[in-house]
2 protein chains.
Amino acid sequence: MFFEGPEKKLELAISEKGPSLRWLGRPYWESVVRRARAEILSSVATASMDAYLLSESSLFVTDRWLTMITCGKTDLVSAVLKLTDSLGLERLRYLVYERKNAHFQEYQPSNFTSDIERLRQAMPGKAFRFGDGDDHHIFLFHLDRPYKPDPGDETLEVLMHGISPEASRIYMTGAVHDLMPGFEVDEHIFQPMGYSMNGVRGSKYFTVHVTPQPIGSYVSFETNCFDCGTDAIVARLMELFQPQSCDVVLFKPQGSSRQVLCAYPLKASFAGTLSCGYEILFSHHYKAQAAPKPAFEITP
Amino acid sequence: MFFEGPEKKLELAISEKGPSLRWLGRPYWESVVRRARAEILSSVATASMDAYLLSESSLFVTDRWLTMITCGKTDLVSAVLKLTDSLGLERLRYLVYERKNAHFQEYQPSNFTSDIERLRQAMPGKAFRFGDGDDHHIFLFHLDRPYKPDPGDETLEVLMHGISPEASRIYMTGAVHDLMPGFEVDEHIFQPMGYSMNGVRGSKYFTVHVTPQPIGSYVSFETNCFDCGTDAIVARLMELFQPQSCDVVLFKPQGSSRQVLCAYPLKASFAGTLSCGYEILFSHHYKAQAAPKPAFEITP
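Note that the structure is a prediction, hence the values are computed from the model and not measured.

1. What to know about the overall build of chain A
Within chain A, the secondary structure is distributed over four helices and 18 strands. Computed over C-alpha atoms, the radius of gyration of chain A comes to 18 Å, within 12% of the 19 Å expected from 2.2 N^0.38 for 300 residues, which places it in the range of a compact globule. Dimensions along the principal axes, computed over C-alpha positions, put chain A at roughly 60 × 40 × 35 Å. In chain A, which comprises 300 residues, the share counted as buried stands at 64%. Of the roughly 11,400 Å² that chain A leaves accessible, carbon and sulfur atoms contribute 53%.

Written out as structure tokens, the structure reads:
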């Protein structure tokens with residue numbers, strides 16, 4: 001029994017002209033989420049942000065910006081195309097579609113090649129791979145339009161693979177909430193297993209998704225809040241989940257000197273600047289081992 | 001444009017009773033190879049071994065033993081089932097089916113789960129994964145029957161990913177032949193690119209397959225000859241192909257102290273003993289990097 005934890009992700013911002021994204025209302029967002037083959041389970045709001053917990057991950061919406069993250073066998077590109085169609089391409093300030101390499105690509109309804117074929121029909125874009133093709137990597141497609149991110153517009157993703165069996169149920173203890181104190185939290189425990197949470201504070205969010213299945217175990221963490229000590233959060237995530245390996249992905253405005261440290265040994269790192277103004281740092285790390293591990297037996 | 005370099009592999013031995021495998025003749029082997037969706041391109045022989053160069057990799061046959069390696073979109077399980085059907089399961093002393101994780105699993109006609117479903121219908125077996133599921137790994141299925149390999153029955157595989165673009169055409173220079181001097185060589189250069197070679201000396205073989213395509217570049221090396229200085233060969237392979245990462249896989253009789261060194265840093269290693277008497281060491285290594293690498297742009 002397995003579940004595809006590694007996610008697809010959309011982030012976009014729209015111009016100040018025209019209606020707010022939040023004003024579009026819950027039925028609109030339900031229809032967008034449905035297009036991706038997911039549904040809204042619950043929501044929590046601040047004065048400036050609506051945070052939806054989805055059957056497959058999360059959606060955060062402010063007046064002029066959104067991030068949608070979906071896992072499993074979702075079809076996020078269909079949601080992207082619905083959004084760009086209904087918002088109008090001319091209103092977009094930037095759009096980035098990201099996709100982590102899957103554990104079980106053969107069960108996915110699409111791959112990045114077919115994703116970008118569809119996206120390129122709707123908008124001019126560029127596509128990149130950060131990470132070696134035979135190793136952990138993210139794919140990125142972005143609208144090819146100049147944009148200048150605000151100085152504090154930073155996003156951190158920590159994608160953890162091969163979670164310690166003992167640690168995979170740590171979400172039962174409340175330890176995940178404590179990663180970033182002072183956030184209002186919305187969470188869901190899935191049956192037979194799995195955990196999602198959104199935390200919001202003003203226009204800041206953090207989100208954690210846990211896929212504890214022994215085959216393909218995975219945890220993702222993401223935030224746009226960098227005032228809680230990012231290096232300490234990465235260290236705490238490694239301590240909580242003890243992954244076999246992890247990616248650290250940083251989006252930041254071009255020219256920012258921000259770096260994020262991970263204590264695990266580095267296997268590979270990649271850096272690149274997109275024509276939409278963001279600089280991306282991608283690094284893949286692994287847990288050093290003292291002795292050979294046993295083979296994993298696959299029983300019928 | 002890409003090609004699936006990472007291979008599937010069958011190795012089996014039959015009892016001394018009954019006809020020799022070589023005696024079955026070329027038309028028989030042509031039909032076996034066809035069943036895997038490949039064809040024989042050429043062959044070379046010694047007094048004790050026939051070595052076939054295939055459109056997708058290699059087949060080595062002695063009187064009582066064979067190894068068949070296939071890449072691309074081949075269906076090696078169908079060839080396995082034809083062989084076990086025509087030879088008779090009771091004649092098998094051992095059988096091991098191995099499969100490296102693919103670069104492009106979504107384009108494969110099967111995955112290991114469906115492979116072992118088919119194999120288990122024909123024979124009792126056990127299945128294992130060596131390597132983390134989210135990382136480089138090999139799958140192994142073996143006939144669950146006691147066997148005691150000969151002391152010198154050792155096989156080394158070196159599976160190299162992300163080949164240096166400059167090195168990917170090194171096969172034009174003859175450098176591959178020189179890896180193991182004194183072997184009779186049969187080779188084939190594929191159009192528009194690609195290279196396969198078999199080298200034979202008595203009952204010893206070595207084989208090299210090069211997939212130089214920039215996306216999914218890959219080189220595999222395999223031998224059952226350990227008297228040429230195995231550590232030196234691994235070092236020479238790293239020097240020739242400068243892969244981003246590589247697996248070193250060693251099959252040896254249970255209790256053997258044989259080890260193979262790789263100078264690249266170690267990411268993970270696995271060890272296990274099969275009930276058919278072989279001990280397997282699998283290790284994954286990577287090329288250390290001094291600075292972040294640039295993102296890879298994916299053009300339409």
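2. Section: the side chain of serine 55 of chain B
All names here are of chain B. Tracing the backbone shows serine 55 in the loop between β3 (50–54) and β4 (57–61). A polar atom in the side chain of serine 55 sits 2.8 Å from the side chain of glutamate 56. Ignoring sequence-local partners within four residues, the contact set of serine 55 consists of Ala38, Glu39, Leu41 and Phe190.

3. Let's talk about the confidence of the model for chain A
For any part of a model where pLDDT is low, the fine detail of the predicted coordinates should not be relied upon. Across chain A, the average pLDDT comes to 96, with 100% of residues at 70 or higher. For this predicted complex, the interface confidence reaches an ipTM of 0.94, while the overall pTM sits at 0.95.

4. A few points about the pattern of salt bridges
Applying the stated criterion across every chain yields a total of 28 salt bridges over all chains. One salt bridge in this structure joins aspartate 135 of chain B and lysine 267 of chain B, with 3.0 Å as the shortest N-O distance. Of this pair, aspartate 135 of chain B sits in the loop between β7 (125–130) and β8 (138–143) while lysine 267 of chain B is found in strand β15 (residues 266–273), placing the two residues 132 residues apart along the sequence. In this pair, the class of aspartate 135 of chain B matches that of lysine 267 of chain B, namely buried. One network of salt bridges, in which partners are shared, links Lys9, Glu11, Glu157 and Glu222 of chain A.

5. Quick notes on the pairing of strand β12 (residues 204–211) of chain A
Moving residue by residue along a regular strand, the side chains alternate between the two faces of the sheet. All names here are of chain A. Burial analysis of β12 places seven of its eight residues in the buried class, which makes it a mostly covered element. Bridging between strand β11 (residues 195–201) and β12 involves seven bridges; their strand directions are antiparallel. By the bridge assignment for β12, valine 200 is matched with tyrosine 205. Linkage of β11 to β12, two consecutive antiparallel strands, is achieved through a turn of two residues, within which glycine 202 is found at a positive phi near 60°.

6. Looking at a nonpolar patch on the surface
Residues and elements named next belong to chain B. Among the surface-exposed residues, Phe2, Tyr107, Ile215 and Phe296 lie close enough to one another that they form a single nonpolar patch of about 310 Å² accessible area. Inspection of the secondary structure puts phenylalanine 296 in strand β18 (residues 296–297). On the accessibility criterion, phenylalanine 296 (30% relative accessible area) is partly exposed.

7. Quick look at the sheet that holds β3 of chain B
Strand order in this open sheet of nine strands is β18(A)-β7(B)-β8(B)-β6(B)-β1(B)-β5(B)-β4(B)-β3(B)-β2(B), and the pairing throughout is antiparallel. The outermost strands of the open sheet, each flanked by one partner alone, are β18 (296–297) of chain A together with β2 (40–45) of chain B. Alignment of strand β1 (residues 8–14) of chain B against strand β6 (residues 92–100) of chain B, held across seven bridges, turns out to be antiparallel. Bridge pairing links leucine 10 of chain B to tyrosine 97 of chain B in β6 of chain B. Against the sheet, helix α1 (residues 25–35) of chain B touches β2, β3, β4 and β5 (65–70) of chain B, its axis set at about 135° to β2 of chain B. Of the strands in this sheet, β6, β7 and β8 of chain B touch helix α3 (residues 112–122) of chain B, which is tilted by about 5° from β8 of chain B.

8. Some details on the state of the cysteines
A complete count under the given rule lists zero disulfides over all chains for this structure. Cysteine 71 of chain B carries a free sulfur, and the closest cysteine sulfur to it, the one in cysteine 246 of chain B, is 19 Å from it.

9. Some remarks on unusual backbone geometry
Note that the residue after glutamine 191 of chain A, namely proline 192 of chain A, is joined by a cis bond; omega there is 5°. Turning to its location among the elements, proline 192 of chain A is positioned in the loop between β10 (184–189) and β11. Here serine 57 of chain A, not a glycine, exhibits a phi torsion of approximately 90°, which is positive. With phi around 70°, arginine 37 of chain B is a residue other than glycine that occupies positive phi space. A residue is classified by how much of its surface remains accessible, and arginine 37 of chain B, at 52% relative accessible area, is exposed.

10. Quick look at the packing of aromatic side chains
Residues and elements named next belong to chain A. With the rule as written, the count across this model stands at 29 aromatic pairs over all chains. Between tyrosine 171 and tyrosine 195 the ring centres are 4.9 Å apart and the planes differ by 5°, which places this aromatic pair in the stacked class. With tyrosine 171 in the loop between β9 (155–161) and β10 and tyrosine 195 in strand β11, this pair connects stretches of sequence that are 24 residues apart. Note on tyrosine 171: relative accessible area 4%, which makes it buried. Taken together, the aromatic side chains of Phe2, Phe104 and Tyr107 make up a single cluster linked through ring pairs. The ring of phenylalanine 251 carries the charged tip of lysine 9 above its face, separated from the ring centre by 5.1 Å.

11. Some thoughts on the relation of the copies chain A and chain B
Copy one and copy two of the chain differ by a rotation about a common axis and a shift along it. Superposing chain A onto chain B takes a rotation of 180° plus a shift of 0.0 Å along the axis, which leaves an RMSD of 0.0 Å. What we have between these two chains is a two-fold relation. For chain A, the residue whose C-alpha comes nearest the rotation axis is glutamate 106 of chain A, separated from it by 2.0 Å. Of the interface residues in chain A, 100% have counterparts in chain B that sit at the interface too, so the contact is made through matching surfaces.

12. Observations concerning the sheet that holds strand β1 (residues 8–14) of chain A
Read across the sheet, nine strands follow the order β2(A)-β3(A)-β4(A)-β5(A)-β1(A)-β6(A)-β8(A)-β7(A)-β18(B) without closing on themselves; strand pairing throughout is antiparallel. Every other strand in the sheet has two partners, leaving β2 (40–45) of chain A together with β18 of chain B as the edge strands with one partner each. Examined bridge by bridge, strand β4 (residues 57–61) of chain A and strand β5 (residues 65–70) of chain A share four bridges and lie antiparallel to one another. Opposite leucine 59 of chain A, over in β5 of chain A, you have methionine 68 of chain A as the bridge partner. Packed on one face of the sheet, helix α1 (residues 25–35) of chain A meets β2, β3 (50–54), β4 and β5 of chain A and runs near 135° to β2 of chain A. Against the sheet, helix α2 (residues 76–87) of chain A touches β1, β5 and β6 (92–100) of chain A, its axis set at about 10° to β1 of chain A.

13. Re the packing of α2 of chain A against helix α3 (residues 112–122) of chain A
Residues and elements named next belong to chain A. Where α2 meets α3, the closest approach of the two axes is 10 Å, and the angle between their N-to-C directions is 5°. Relative to α3, the element α2 is oriented roughly parallel. Between α2, through Val77, Ser78, Val80 and Leu81, and α3, the contact on the second element is made entirely by Asp115, Arg118, Leu119 and Ala122. Along the lines of polarity and charge, the residues of the contact of α2 with α3 split into five nonpolar, one polar and two charged.

Scoring rules and cut-offs
Residues numbered from 1 in each chain as written. Chains lettered and ligands numbered in written order. Predicted model: local features only at pLDDT ≥ 70, side-chain atom pairs only at ≥ 80, totals over all residues. Heavy atoms only, no water. Helix = DSSP H or I, 4+ residues; strand = E, 2+ residues; numbered from the N terminus. Rg over C-alpha atoms; globule rule 2.2 N^0.38 Å. Buried < 20%, exposed > 50% of the residue type's maximum accessible area, 1.4 Å probe, protein only. Areas by Shrake-Rupley, 256 points an atom, 1.4 Å probe, with all protein chains shown as cover. Polar contact = N/O pair within 3.5 Å; in protein donor to acceptor, adjacent residues only side chain to side chain. Contact = heavy atoms within 4.5 Å. pLDDT = per-residue confidence, 0-100. Salt bridge = Lys/Arg side-chain N within 4 Å of Asp/Glu carboxyl O. Pairing = 2+ DSSP bridges. Patch = residues over 30% accessible without salt bridge, like charges linked within 9 Å, V, L, I, M, F, W, Y side chains within 5 Å. Axes fitted to C-alpha atoms, helices over the stretch in contact; angles between N-to-C directions. Disulfide = S-S within 2.5 Å. Phe/Tyr/Trp six-rings, centres within 6.5 Å; stacked < 30°, edge-to-face > 60°. Lys NZ or Arg CZ within 6 Å of the ring centre and 35° of its normal. Least-squares fit on C-alpha atoms with pLDDT ≥ 70 in both. Parallel < 35°, antiparallel > 145°, perpendicular 65-115°, else oblique. Nonpolar A, V, L, I, M, F, W, Y, C, P; charged D, E, K, R; others polar.

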